[in-house]
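Residues per chain are reported as follows:
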Amino acid sequence: MDWTMTLKDDFGVIAWTRQAGNYLSLFLLLSLFSIPVHSDIVFPKDHHFSWRAGQWGQCIGEECGSGGVQTRTIWCIHMEGWTTHHSHCQHMDKPESQRQCFKVCDWHQNLFEWEVSDWGSCVFVPFFSNELKLRTAECITAQHGIQRRKVHCVRTSNRTTVTSRICEFFSQKPPVEQACLIPCPQDCVVSDFTSWSGCSKTCGAGLQHRTRHVLATPMYGGANCPNLTETRTCSHPVDCPAGEGEYQYSLKVGAWSECRLPHHKDALLSGRTTVDFSTSSNENNTVTLHTLAVNQHSHHNHHQHHHHAHVHKYPMSWELEVGYQTRHVRCTRSDGKNAMLSLCTKDNSPLTFQACAMPKDCQTSDWSLWSPCSKTCRSTDLSPGYRLRSRIMTQIPVSGGKRCPALEEKEACNIIGDLLPNCPRYVWRTTDWGECRILPLLNQQDRRLANISVLCGGGIQTRKTYCVQVPDDSAPHHRKEVSRPVNARLCDGEEPPLAVQRCSVPCQHHCLLSQWSPWGACLHDNCKEPQGRKGFRQRRREVLWESSSTLGTCPHLTEFIPCEDPACYRWQVRQEGRCVPTEGSCGPGIAVQNVTCVGAKGEDVPSDLCADDPPLSEEACEVACLADCVVGSWSSWSSCSHSCATKTAEGRQSRIRSVLAIPGKEGKSCPAAPALEEWRACNDHSCMVFYWEASPWGPCIEDNSLDVNGTDFMNGTSTCAVGVQIRKVTCMKMNAGAVINKRCSDSSRPETVQPCLLPCKKDCIVTPFSEWTACPSTCLPENATAATQSRYRTIIQRSANGGQECPDTLYEERECESLRECPVYRWRTHKWHSCTLVPDSVRRGLSGPAEACGNGLETRGVSCIGENGESANMTECLRWAGPLPPQIRECRVACKDDCTLTAWSKFSECAGCGSSRSHKRSLTGRSKKKEHCLNEKLYPLEETETCPCDEFLSQPYGNWSACILPDPSVPGSLQGWMSHREVKECGQGLRYRAVACINQQGLLVNPTLCTDSGYIVEVCHIPCPLDCKLSDWSAWSACSVSCGSGLKIRSKWLREKAFNGGRPCPKLDLKNQVYEAVPCHRECSQYKWRIEPWSICTINAVDDLPACGEGVQSRKIRCVKKETTSGEDSSVEDSLCDQEEMPPRAQVCYFACPNDCVMAPWGPWSNCPLCDQGAARNRSRHILRLPASDNAACPELVQSEPCVLNSTCFTYEYRVSGWSTCQLSGNAICGQGTRLRLLDCIRSDGKIMEVHKCEKFDLINKWRQSESCTVDCPVSCMLSDWSPWAECSHTCGSQGQSERSRRILQEAHEEGRPCPSQLTQTKPCPIRPCYMWVLSDWSACTVEGAECGEGFRSRKLSCVVHWGHWHGSPPQPVEEELCGDIHRQNIQQEMEQPCFVPCPGDCHLTEWSSWSSCQLTCLEGRSFETTGRQARSRAVIIQVMENQGSCPHQVFETQPCKGGKCQSYQWRTGGWSNNERAVWCQRSDGVNVTGGCFAQKRPTTLRHCHPPCTKPFSHCTPSGVCGCEKGYTEVMTTHGFLDYCTRTPGVDNNKKADVKTNSGRLKPGPSQAKDLFNEWTLRPVGPDGRVKLWVYAVTAVGFILILFIIALSFLVCKPSKTTKASPPPQKPLTLAYDGDMDM
């Protein structure tokens, strides 16, 4: 019989024809699944060769339209894949190589496109697509599979499908299949068997069983699960008594049928489900649906009824209907056969029918619209967003109706997110810095005395930080938001900028000045334009160091004294040569003098500047002749007697000259005594000193005279006007006050006006208002306070210099727009209907005629009522009205035989808490005499219950919180700029402790029943910090040097250390002191020698001889105090002056006699060039009168002496004192200051000289006398405000805590107050009871009214209260209302399950095993999936072998799971015992299993010796080779096999040794070694005790043999040079692969 299979698809039509019975038919059927996508294959009659067609080429034609032609290539290929000549394939089967086609125009391309579905799952194929043989090779890592997808050509306009050939014109069809990998087959894995059960019978023969469960189900074509049960017979030695052991009878019930309505209601009740009894052969009656068009509330079409124009969308009330259900009851024998019912029932017939509530399925509304996507912008987080939609329940499921589907649905959205705008970025911004504040380091009481406003130096300034949204650059410009503040939590990822920084307030000006210069000459005010006869004498001083502060100016630097006849330029006369006599060698002559015009500073200037006539350049003089009196030259002028002239005194100074030689008889006589002294007035200026005093510069003001638009500064960032600063300059009289300006030199007058930059006007800048805080999104319950919302803005920059002022309102609050109050709905219950029983017809049909009484059900309707009593949708009550009232309850219609009782009486009165109350009832009528009615267990006549109690017990719980200080910040504190306050960290606060409120039963209740707040509150105190206290400054010490420049010191010492986080002490020295040092100068001597002029030379003349020759002259020397003028000094004791420097009071003088040579006095010594050895100094003099005689020589004109250090020669150098401590301005606490030191001039012998001595020697002063320094500012710790108290960590229970925190804005520095350690605070939350539903375990399977059969197992929900931690007190049951609506909780989970209790003899399934551990599919320990699988199973239990035929099949099921692990399986073996061992498979977690391990790799369980051990006394040893029995020694062949067993000599010590082994007598000896060797056949030791020669030979041969084996093994085992190629990397399971053969 021939058959033809035609496969039609988008590729064309292919046909196969095949003879029936061909062995390849199965293969070809399978091959349909693996035809390559890219070509068509046609199998001809000769199956070795086939045609293969390539893809159709593009449609070619001159014009677009239907006249195109398409071609393709055709090959003839061998089955192994190589191409051959066309003649090998049959031409009648050759496919078309050319066809007509429609050439597409370019514009057609936009009309169609390929639509591609996702790849399907990987499907197993049994062979490679390019092989024509079935796969038998063992799978190593994975198997080949194939994935498919759907590819359609669709119109772009409406996405309708068209033929694929249209899209093929434009582009190649995407592949519809691709190769993929499926893991290797995984066999079913089962656990070990349990132990055997007990025997099913206690006598005779029975059965026992053991079971195992499924751990992993078979996958990817793995082996099926083996039998999960093993059964074996068992027997007891005791025979069963006669008659017993035959059969057992059990009442077996079937499952209850579905609840159904009686037939006669069909016409009345449309839309109800009824049971059709027409087919009674089986229990599965046909269910018919009767529906009228009017009412469409059936659950089959509840999705449609929303679209009808109903007045009410959802039901307005719910009614329940009562139906009935039946079940089969039969009596079964233990062999499975049915028996008569009477054998099972004694008195009562079993219940076969009961009333039931008709089930109603859950009904829901339509889905709401999707919520907006949670991901609305593109961020670095690549996770997608999600959106939600929900629906509401419109009908609660009743009586096992269909449970509700999910009421909420969530789906991913914006997965790619590339088209979304960028997410907003949030950054910190800051306000401008506040003013610089100096925090005085004073105690509170000192602070009141100090004027804090004048403090200067280092301080701190603060600013606010706030978080803003950075506008997205990609957003349209109009959408960009100005930087309004947002919640600071959005900036949490970044560190906020500093909110505190150091700053300084400039202190008053500090100047270091030089000494005053001497008074200058009387000069005109303006030497360029001299006017009048009034002038000024000036003296100056210089600024040595000036503070950088801009406040104030240095004191005046110039002082003036008015004088008369000023001259800016004067003639200066210098004697150039000696007196040259005009005639002869003596007598009158002329001395030439140099006359120059000099300026005020002594510099040469042009002669025409000197106004007066110049002095003569020659001056008359006289050279003494031989007998003339010789007078010396004038001395220098003495110091002036007064520094200035007053009305009563004026300054005078004198000079003298002395007679050096008396005249001869004919000579010129000496001048009179008055002529030897000259006086002149000096310092004749008045004592009035004047100076200019300049006030500090005033503020910068606008200068109307300057027409300047503006000056750019700071790179053009700001343009501010140029103004002027003005100061007042006044002429002051020393020690008096202001005088007219004419009294001061106008040329030295300081500037009164200078240009300045006017401070820019700064407008106040505030941020925009923040968004309004959110209003509650839910409705407000009744009587709730109105919710408010607020917003704020922050001042970024304060207004300054007349800029726009800041707004008053920075914080706004408003009531939320009227939030709707929560609607008030309530349930309205209708009257209970009468008790409904099972219909009579059903009762009679099932149990014969019977009385219409017994248990039934009664129902009532429930509707929903709004606030005004109007009817409302039931959905509103479901949402707002609380638990649904019960709609159905059991009831009973009394039967004749029932016991009748009175109604319960009222409860008795309660006697208080802890008491109980009771109520009673009594039997009536005949019931009093019926025996079963008197059973109080069945019919209790009294009930007792505990009385309700309103007394509660407060019980403190947990620890006290930390002491919490009251928060100083006031509400609305945002409006302040930055409140500058030091946080008070001490004082009175409150601490809290939670209170547990407990009722009389010891259960936790709401804490408000015990206390208002839920806390015990207690006042507490935090001790205040005590700062370090130092003493006051001590008095200044004496200067550190007795003479010259040094330091003086004062100190403070420690009085109290810091305590409790007070300010720490400054750095103390070893004596616990801090000190301050300032420079000081002590004059080396306050006294000096004052010398008066020498007296006239006194010569003791004899008789009338002329008074000439040597004489004596004296002078007065007084010790006077320094710095006193000559007119005012008073003598003191000579001992106060330096005795070493005391000048001589008398000296030898010389009056030249008339004929002697007269010399001028010696001139001053020249300076020593260097105080080196060999250097000398000179002095000279000249001849005033030549001697009379030519023979008489004049004494020496030049005198020299060696330069001796510290005697005739001195060196000088500068020396500085130590630095003072950093000196601050009087009001400064820290910051910039100066430190000073003083300069001394030291002579080489150690004497301290005046500084000008060093200056005279032109020594360069390299020492700085002052420099800037910084006193570190103590900065106290600054903290942020406490955050608001966070939400409780737990909503209920005793573990809840609320926390608040603050952060450090500025760490403490130096002596600042340190930061407190407490940066977080916690306080307990009120202890609220935790209520929760607890689901009980499933009950045992119960069968109502029978021993076995179909029953139910159930579980219950109970409401419990607990303390929030399970290790504490266990949960206690409470009323259900506290947990919520139990009815709605019940419908969310399965509360009842059908179950089966097997009857004796039934073949049945076990209960489900527990779920196995979660397992992943893995390759070499790596998994390619995230979801694992777990399995459970039910095994079959056979109780009686006769029932084997009715046994169900064993079942297993799997479910996906999370958190799986990769498991591997390995064969394990036990130890050998009698050549046997146990072998089992073990999972990597240690569980022994069946399945999972490769069967091919299973180790052997039995061990055999090859060849078998056939020699006498031999056996197979555990190592698998033949060995000898005990007492025999193995003798091996050269091949290593056993040759034979020989008896071991000397085993029995009592027997003599074998003659063969005894050669010669042995000497007896104590050696144990010899005894050992005695038992050997070959003895290594000779009779003389020496080792025999053959032993050495054997040892040598053995050693050589070992060396040979080592060398051989090295050569054999040496690794080959060729390295194996590394195995190809594993490919992921779910990815496509390229069809390589390496799998």
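Shown above is the structure to which this text applies.
This is a predicted model, so every value here is computed, not measured.

*Asks:* Give a detailed account of the environment of L251, specifying residues and quantitative values.
*Replies:* Within the secondary structure, L251 is located in strand 19 (residues 249-253). Overall, the relative accessible area of 6% leaves L251 in the buried class. It is 8.1 Å that separates the C-alpha atoms of L251 and G1349, two residues lying 1098 residues apart in sequence.

*Asks:* Tell me about the state of the cysteines, residues and numbers included.
*Replies:* Per the stated rule, a full pass over the model turns up 57 disulfides. Each sulfur of the disulfide joining C700 and C756 lies 1.8 Å from the other. What sets the handedness of the C700 and C756 disulfide is the S-S torsion sign, and at about 100° it is right-handed. Residue C700 is located in the loop between strand 48 (690-694) and strand 49 (701-702), and its partner C756 is located in strand 55 (residues 753-757); the two are separated by 56 residues in the primary sequence. With a relative accessible area of 12%, C756 lands in the buried category.

*Asks:* I'd love a proper account of the sheet that holds strand 86 (residues 1248-1249), names of residues and values included.
*Replies:* A sheet is described by the order of its strands in space; here 3 strands give the open sequence 83-85-86, paired in antiparallel fashion. Across the chains shown, the open sheet's two edge strands, defined by having one partner strand only, are strand 83 (1212-1216) and strand 86. Inspection of the sheet shows strand 85 (residues 1239-1243) paired to strand 86 by 2 bridges, in the antiparallel sense. Residue C1241 lies in a different strand from strand 86, and its bridge partner there is M1249.

*Asks:* Go over the pattern of salt bridges with me, naming the residues and quoting the values.
*Replies:* All chains considered together, the criterion is met by 30 salt bridges. E559 is the salt-bridge partner of R539, the closest N and O atoms lying 2.9 Å from each other. Of this pair, R539 sits in strand 37 (residues 534-540) while E559 sits in strand 39 (residues 558-564), placing them 20 residues apart in sequence. We classify R539 as partly exposed; its relative accessible area is 22%. With a relative accessible area of 2%, E559 lands in the buried category. Across the salt bridge formed by E1092 and R1118, the nearest N and O atoms sit 3.8 Å from each other. Of the two residues, E1092 is situated in the loop between strand 74 (1087-1091) and strand 75 (1109-1114) and R1118 in strand 76 (residues 1117-1121); the sequence distance between them amounts to 26 residues.

*Asks:* Tell me about the side chain of Q789, residues and numbers included.
*Replies:* When you line up the elements, Q789 lands in strand 57 (residues 788-792). We classify Q789 as buried; its relative accessible area is 8%. For Q789, the contacting residues outside a window of four places in its chain are W772, T773, C775, E812, E813, R814 and C816.

Calculation notes
Residues numbered from 1 in each chain as written. Predicted model: local features only at pLDDT ≥ 70, side-chain atom pairs only at ≥ 80, totals over all residues. Heavy atoms only, no water. Helix = DSSP H or I, 4+ residues; strand = E, 2+ residues; numbered from the N terminus. Buried < 20%, exposed > 50% of the residue type's maximum accessible area, 1.4 Å probe, protein only. Disulfide = S-S within 2.5 Å. Pairing = 2+ DSSP bridges. Salt bridge = Lys/Arg side-chain N within 4 Å of Asp/Glu carboxyl O. Contact = heavy atoms within 4.5 Å.

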